[in-house]
Amino acid sequence: MRKPVIAGNWKMYKLLAEAAETVLKLKSLVTNAGHCEIVIAPVFTQLKTIADRLEGSNIQLSAQDCASESEFGPHTGEVSTSMLRDAGCSHVIIGHSERRQFYGDTDQSVNKKVKAAAAAGLFAIVCVGESLAERDAGAEENIVKGQLLNGLEGLTLADTERIIIAYEPVWAIGTGKTATPEQAQEMHAFIRRTISEIHGESVANAMRILYGGSVKPDNVGLLMEQADIDGALVGGASLEAESFAKIVNYK
Ligand code: PEP
């Protein structure tokens, strides 16, 4: 009953011509993929062009971040969620660990951004996950619970319908180390229980929880077999149309 989501995070890669070429290839490779929702997230400057190239396809567009303020105003360098809608986005990634580690995102700013996404009617792909030191200290559940409680604080029932969680253990991002399907399932089940405590069981049962961290064509199948894994957020392996299409077509 939860439609899987396979999302590609292109991070700060690709100039426009290459991005457009990748999208063109990808479109033809995933035309028959009705079993999941497909999302790609290029950089801000490419959103409108890529949105135009995606028109009529089964691929949706995401930004990689958004402003925490949703009104027009003096916020130099920021891009609001209504501007993302205007450029053709349906989704936005919020609280990616690279933004938390290097660009000052906190649970509090994540919460403001999630509310700004809700105000604009965007799906928010909200990233949570522990570092290696936190896992080694046995603190992974506490860390993720805190990120969920603070990041999703104060949402209405309607807002929760547009939340997608991405569990991305920081130690598995871009490292080639994937959480085992069992490790991932254990945390996904914990996340669903936590969502249930905050927002109730029916919200928790409907919410998609994606796994992210070195997902590749050869490990996606086993991950997707897990009961609480509802898709993937893919970095490196989403950059090439062929490998991303293999992940999309995991079935
Ligand atoms: C990511 O950037 O969200 C990610 C999961 O990257 P990778 O697949 O390269 O580990």
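Residues numbered from 1 in each chain as written. Predicted model: local features only at pLDDT ≥ 70, side-chain atom pairs only at ≥ 80, totals over all residues. Heavy atoms only, no water.

Right, let's talk about the packing of aromatic side chains for a bit. Each aromatic ring pair is characterised by the separation of its centres together with the angle its planes make. Evaluation of the coordinates by the stated rule reveals one aromatic pair. If you follow K14 out to its NZ or CZ, it ends over the ring of W10, 5.2 Å from the centre. Its end group placed over the ring of F123, R162 keeps NZ or CZ at 4.7 Å from the ring centre. (Phe/Tyr/Trp six-rings, centres within 6.5 Å; stacked < 30°, edge-to-face > 60°. Lys NZ or Arg CZ within 6 Å of the ring centre and 35° of its normal.)

We now examine the pairing of strand β2 (residues 37-41). Each regular strand displays side chains that alternate between the two surfaces of the sheet. Within β2, four of the five residues are buried, leaving the element largely enclosed by the surrounding structure. Pairing of strand β1 (residues 5-9) with β2, which is carried by five bridges, proceeds in the parallel orientation. Residue N9 lies in a different strand from β2, and its bridge partner there is A41. Crossover β1 to β2 through helix α1 (residues 16-29) is right-handed. As paired strands, β2 and strand β3 (residues 59-63) are joined by three bridges and run parallel to one another. The partner of I40 across the bridge, within β3, is L61. Handedness of the β-α-β unit built from β2, helix α2 (residues 47-54) and β3 comes out right-handed. (Buried < 20%, exposed > 50% of the residue type's maximum accessible area, 1.4 Å probe, protein only. Helix = DSSP H or I, 4+ residues; strand = E, 2+ residues; numbered from the N terminus. Pairing = 2+ DSSP bridges. Right-handed = clockwise from strand over helix to strand, strands pointing away.)

Let's shift gears to the packing of α1 against helix α12 (residues 241-248). The relative placement of two packed helices is expressed as an angle between their axes plus a distance between the axes. At a minimum axis separation of 9 Å, α1 and α12 run at an interaxial angle of 35 degrees. Pair α1 / α12 crosses with right-handed handedness. Between α1, through T22, K25, L26 and L29, and α12, the contact on the second element is made entirely by A241, E242, F244 and A245. When grouped by side-chain class, the residues that make up the contact of α1 with α12 number five nonpolar, one polar and two charged. (Axes fitted to C-alpha atoms, helices over the stretch in contact; angles between N-to-C directions. Left-handed = near helix turned anticlockwise from the far one by under 90°. Contact = heavy atoms within 4.5 Å. Nonpolar A, V, L, I, M, F, W, Y, C, P; charged D, E, K, R; others polar.)

What follows concerns empty space enclosed by the protein. The tally for this structure, following the rule as stated, stands at one cavity of 30 Å³ or more. Of the pockets and cavities examined, the largest cavity occupies roughly 40 Å³. Lining the largest cavity we find G95, H96, S97, R100, C127, V128, G129, Q147 and E168. Mapped by element, the contributors of at least two residues to the lining of the largest cavity are α4 (97-102) and β5 (123-128). Along the lines of polarity and charge, the residues of the lining of the largest cavity split into two nonpolar, five polar and two charged. (1 Å grid on protein atoms, 1.4 Å probe; cavity = no way out; pocket = protein on both sides within 12 Å on 5 of 7 lines; lining within 4 Å. Points joined across faces, edges and corners; volume = space filled by probe spheres on them.)

One key point about sheets: their strands pair by backbone hydrogen bonds, in either a parallel or an antiparallel sense. Within the closed barrel, the eight strands sit side by side as β1-β2-β3-β4-β5-β6-β7-β8. Their pairing is parallel. This sheet shows a mean twist of 25 degrees between the axes of neighbouring strands, independent of strand direction. Its contacts with the sheet put helix α5 (residues 107-120) on β4 (91-94), β5 and β6 (163-167), and the angle it makes with β4 is roughly 175 degrees.

Most of β5 sits inside the fold, with six of its six residues counted as buried. Here β5 shows a buried face lined by F123, I125 and C127 and a second buried face lined by A124, V126 and V128. Across four bridges, β4 lies against β5 in parallel orientation. From the neighbouring strand, I93 faces β5, where its bridge partner is I125. Note that β5 and β6 share five bridges and pair parallel. Across the sheet, V128 pairs through a bridge with Y167, a residue of β6.

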